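# Structure assessment
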Amino acid sequence: MTTAQKFDLPRRAALRTALMQRQEALLASQALHTDGGTRVQHAREVLLQDGDDAPARDSDREIDLVFTDHERQELADIGLALQRMDHGTYGVCLDCSADIPLARLEVMPQALRCLACEQVAEGANR
């Protein structure tokens, strides 16, 4: 039995609502930040704004792109979490298949891994 099947209906609905609200907030933030354009269009606009001070703005540009990349990754994770919720596999770690504790999902409803596997994945990404 997966974690999704063990959640009562109100908890599952609250987690879905939290995911959808965060998704909407990220989409709105992204649209505002990139003026509705793609990452490539946004990067090009940032470069064109630099003018003569391009070297001085390298760090600002890097932070800007990392910010948009982080938002895109979070949106992808939310999409995956919603799909897993629809397929009854929500709340099960992608890596070890253990249940993700409800307390973790309440804090981070888009969590795809248990804490131990997430720490390993973050260590590998560094």
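Heads up: these notes are all about the structure in this document.

## Re the environment of Thr17
Structurally, the position occupied by Thr17 is in helix H2 (residues 9-34). Expressed as a C-alpha distance, the spacing of Thr17 and Pro109, which sit 92 residues apart in the sequence, is 9.7 Å.

## Overview of the side chain of Gln110
Mapped onto the elements of the fold, Gln110 is located in the loop between helix H5 (102-107) and helix H6 (115-125). A polar atom in the side chain of Gln110 sits 3.3 Å from the side chain of Glu74. Leaving out residues up to four positions away in the same chain, Gln110 has contacts with Leu19, Glu74, Asp77, Ile78 and Ala81.

## Focus on the pattern of salt bridges
One pass over the structure, following the stated rule, counts 5 salt bridges. Between Asp95 and Arg113 there is a salt bridge, and its shortest N-O distance comes to 2.8 Å. Separated by 18 residues along the polypeptide, Asp95 in the loop between helix H4 (58-86) and H5 and Arg113 in the loop between H5 and H6 bring together distant segments of the chain. Overall, Asp95 belongs to the partly exposed group, its relative accessible area being 47%. Overall, Arg113 belongs to the partly exposed group, its relative accessible area being 23%.

## A short note on the environment of Ala116
Along the chain, the position of Ala116 falls in helix H6. Exposure remark for Ala116: the relative accessible area of 48% places this residue in the partly exposed category. Sequence separation between Ala116 and Asp95 is 21 residues, and the spatial gap between their C-alpha atoms is 9.9 Å.

## Side note on the state of the cysteines
Inspection of every chain in the model, using the stated rule, returns 0 disulfides. Between Cys93, a cysteine without a disulfide, and Cys96, which holds the nearest cysteine sulfur, the sulfur-to-sulfur distance is 3.7 Å. Here Cys117 stays unpaired: no disulfide links it, and the sulfur of Cys114, its closest cysteine neighbor, is 3.6 Å away.

## Section: the nonpolar core
The biggest cluster of nonpolar side chains holds 17 residues, and the ones touching the most others in it are Leu15, Leu19, Tyr90 and Leu105. If you list the elements that add at least two residues to this core, you get H2 and H4. If we ignore the near neighbours within four places in the chain, the residues touching Leu15 are Phe7, Met85, Tyr90, Leu102, Leu105, Glu106 and Pro109.

Reading the values: rules and limits
Residues numbered from 1 in each chain as written. Predicted model: local features only at pLDDT ≥ 70, side-chain atom pairs only at ≥ 80, totals over all residues. Heavy atoms only, no water. Helix = DSSP H or I, 4+ residues; strand = E, 2+ residues; numbered from the N terminus. Polar contact = N/O pair within 3.5 Å; in protein donor to acceptor, adjacent residues only side chain to side chain. Contact = heavy atoms within 4.5 Å. Salt bridge = Lys/Arg side-chain N within 4 Å of Asp/Glu carboxyl O. Buried < 20%, exposed > 50% of the residue type's maximum accessible area, 1.4 Å probe, protein only. Disulfide = S-S within 2.5 Å. Core = buried A, V, L, I, M, F, W, Y, C linked by side-chain atoms within 4.5 Å.

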